[in-house]
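Analysis of the macromolecular model
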Amino acid sequence: MKIAWFHSHLLHAHSGGTRFVLDYSLALQEQFGHEVTMFCDFAGPEATEQLRRNGMNLRELDTISTNHPFYWLTLPWRLRQKRRMLKRELEDYDFIISSMFPMNWLVADMPQPKIQMCYEPFAFFYDSVFLKNFNLPQRCFFRLAKRAYARSDIAATRKMDIVLTVNNTNIPKIEEIYGLTPLVVYAGIDTDIYHRVDDGEITRIRDRHPGSPLLFHSTDLTGIKGTFPLLEVIRDLSSDYPRLKLLVTVYVNYPQGIKMLQEKVAKLGLQDHVEYLGCLDKQDLPSYYSAVDFVCQPSINQPACWPLKEALLCGTPIIGGKESEEPEDFVNGIRIDVNDRAGAVEKMSRLFREQARIHVDPTELIGNYAKKNCVAALNTIIGQIHANH
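What follows deals with the overall build of the protein chain. A count of helices and strands for the protein chain gives 17 helices and 13 strands. In terms of overall dimensions, the protein chain has C-alpha extents of about 65 × 45 × 35 Å along its principal axes. Burial statistics for the protein chain: of 389 residues in total, 56% are counted as buried. Across the protein chain, the fraction of contacts at a sequence separation of at least 24, relative to all contacts at a separation of at least 6, is 66%. Working note: accessible area of the protein chain is about 17,200 Å², and carbon and sulfur atoms make up 50% of it.

What follows covers the side chain of S287. Relative to the helices and strands, S287 is located in helix α13 (residues 285-291). The exposure class assigned to S287 is buried, which follows from its relative accessible area of 9%. What S287 contacts, discounting residues up to four positions off in sequence, is V197, E201 and I205.

Before going further, it helps to spend a moment on the side chain of T157. Secondary-structure assignment places T157 in helix α8 (residues 136-158). What makes T157 buried here is its relative accessible area of 0%. For T157, the side chain forms a polar contact with the side chain of Q116, separated by 3.3 Å. In this structure, T157 is in contact with N104, Q116, V163, Y178 and L180, ignoring residues within four places of it in sequence.

Another aspect to go through is the packing of helix α16 (residues 362-369) against helix α17 (residues 371-388). Close contact between α16 and α17 brings their axes to 6 Å; oriented N to C, the two are set at 25 degrees. Taken together, α16 and α17 sit at an angle that is classed as roughly parallel. Each of I366, G367, N368 and Y369 in α16 lies in contact with α17, whose residues at this interface are K371, N373 and C374. Across the contact of α16 with α17, the residue classes break down as three nonpolar, three polar and one charged.

Attention shifts here to empty space enclosed by the protein. Here the structure, examined in full by the defined rule, presents one cavity of 30 Å³ or more. Within this model, the largest cavity holds a volume of roughly 40 Å³. Surrounding the largest cavity, R19, D23, G188, I189, D190, Y194, K282, W306 and K371 form its lining. A class-by-class count of the residues in the lining of the largest cavity yields three nonpolar, one polar and five charged.

With that out of the way, let us pick up the packing of aromatic side chains. Throughout the structure, instances matching the rule amount to 30 aromatic pairs. Residues F122 and F124 carry aromatic rings whose centres are separated by 5.5 Å and whose planes lie at 50 degrees to one another, so their mutual orientation is tilted. Here F122 falls in the buried class, since its relative accessible area comes to 8%. The ring of Y93 has K2 lying over it, and the distance from NZ or CZ to the ring centre is 4.6 Å. Here the basic side chain of R19 rests over the ring of W306, its NZ or CZ set 4.4 Å away from the ring centre.

Now for the pairing of strand β12 (residues 318-321). Pairing geometry for strand β11 (residues 294-297) and β12, over three bridges, is parallel. Note on β12: the bridge partner recorded for Q297 is G320.

Definitions and limits used
- Residues numbered from 1 in each chain as written.
- Predicted model: local features only at pLDDT ≥ 70, side-chain atom pairs only at ≥ 80, totals over all residues.
- Heavy atoms only, no water.
- Helix = DSSP H or I, 4+ residues; strand = E, 2+ residues; numbered from the N terminus.
- Buried < 20%, exposed > 50% of the residue type's maximum accessible area, 1.4 Å probe, protein only.
- Contact = heavy atoms within 4.5 Å.
- Areas by Shrake-Rupley, 256 points an atom, 1.4 Å probe, with all protein chains shown as cover.
- Polar contact = N/O pair within 3.5 Å; in protein donor to acceptor, adjacent residues only side chain to side chain.
- Axes fitted to C-alpha atoms, helices over the stretch in contact; angles between N-to-C directions.
- Parallel < 35°, antiparallel > 145°, perpendicular 65-115°, else oblique.
- Nonpolar A, V, L, I, M, F, W, Y, C, P; charged D, E, K, R; others polar.
- 1 Å grid on protein atoms, 1.4 Å probe; cavity = no way out; pocket = protein on both sides within 12 Å on 5 of 7 lines; lining within 4 Å.
- Points joined across faces, edges and corners; volume = space filled by probe spheres on them.
- Phe/Tyr/Trp six-rings, centres within 6.5 Å; stacked < 30°, edge-to-face > 60°.
- Lys NZ or Arg CZ within 6 Å of the ring centre and 35° of its normal.
- Pairing = 2+ DSSP bridges.

That is the geometry; function is a separate question.
Spelled out as C-alpha cells, the structure:
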C-alpha cells in the first residue's frame, strides 16, 4: 500500500511526536512492505538524514512551519496553495495518515481513506497548562489563532475515517474537544534497543558520573518537561543527600535554553549536583537508563512519556509527573507534582529511603508497548479502513 503521512514539521528528530512519526512510518515500511512518504512543511537536517538513511521518501511543502508567526497569519492561503499542488500528486496514494493540526485540515477533503494520529487535542488551542509556559504576547497570539482556526481543526478531525491516540488518558480529552472516541495505539518501544545492559557497562557509567542517588533527566527545555522547577527540588534535596546527582541530556539544538539551564544551575549552586551531558546518541540511552538509580521525568500535563517506558524496560525505577501513566507509587517509582516543591521533596526523599524495595518488572510493559506489536495494531486498523472505504 502506498501511504502519505502528513506531519506539520520534522525539525526536532528526538521530540516525542516526531519520533513517533519517524519510527512508525519506517516500521510500516519494514514490517509490512508499505511505501510511506513523509509530507511536512519543513524538515531539519537530522530527520532528513534519518529518512534518507532508511530509504524513505520525504516531501517538503513549505519554507517555514508552525513555529513561525507569519505561517499562522497566512495559513488559509498556504493550505489552498498546497491542496492545489497535492491534488494530482496524491492520486497515486492508497491511504493518508495525518498527525496534527493543520495537516488534518489540509487533507480532510482528500478522497483517500484517512486516519488521524491525535497525540492530544492541539495543545496551542486547548491546553491552558501548556500555554502558561509562554509569555503574554505569545499566549494572546494563540488565543487569536484558536478563535480563527479551532473550528476548522474540529471539523477536519471529525472528517477522518477514524482517530487514534497514544494512551488511554487522552480519550476523555479528545471526546470533550472533538466529540468522538478514539482508538488507542500505544507509542511502542523498540525492545531490541531498550533493555538492561551488562554490569560492566553500568559500572563504567557510574564511575564516569559518581553520585548517589544518581538521577537521569531528558528534556527539550520546554515548560512541560518540568526541568527548571526540578532544579529547585534537587537543591532542596541536596542538603539531606550530599552526593545526589542529576544527569541532564537536552535532545534539541537550543543554545539559548542550554545557556539558561547552565546559568540556573550556577545560580542555585548546583554545580556538584547537576551534570549536563549534551545531546546523547540514541544508542547511549540504554546504558544511562540502566546505570542510574532513577529516571526522572516530572512532566506537566503529559500522560505518556517515552523515557519513562524505556527506563522501565531497562529495569530502572522512575519518577514521573502527576499525570504520568507509567509510575505506580512506591511500586516501580513515584509520581510528583514538580511545581509543588515541598511535596515533591518529601515524596522523593521517601523514595530514596525505600529504594531497596522498589521493583521493576519489564514483562508486562513488553507485552503492551513492544513497538512491533503496536505497529501491527496500527497496520490492522489501516487495512480495515482501506478495505471498507
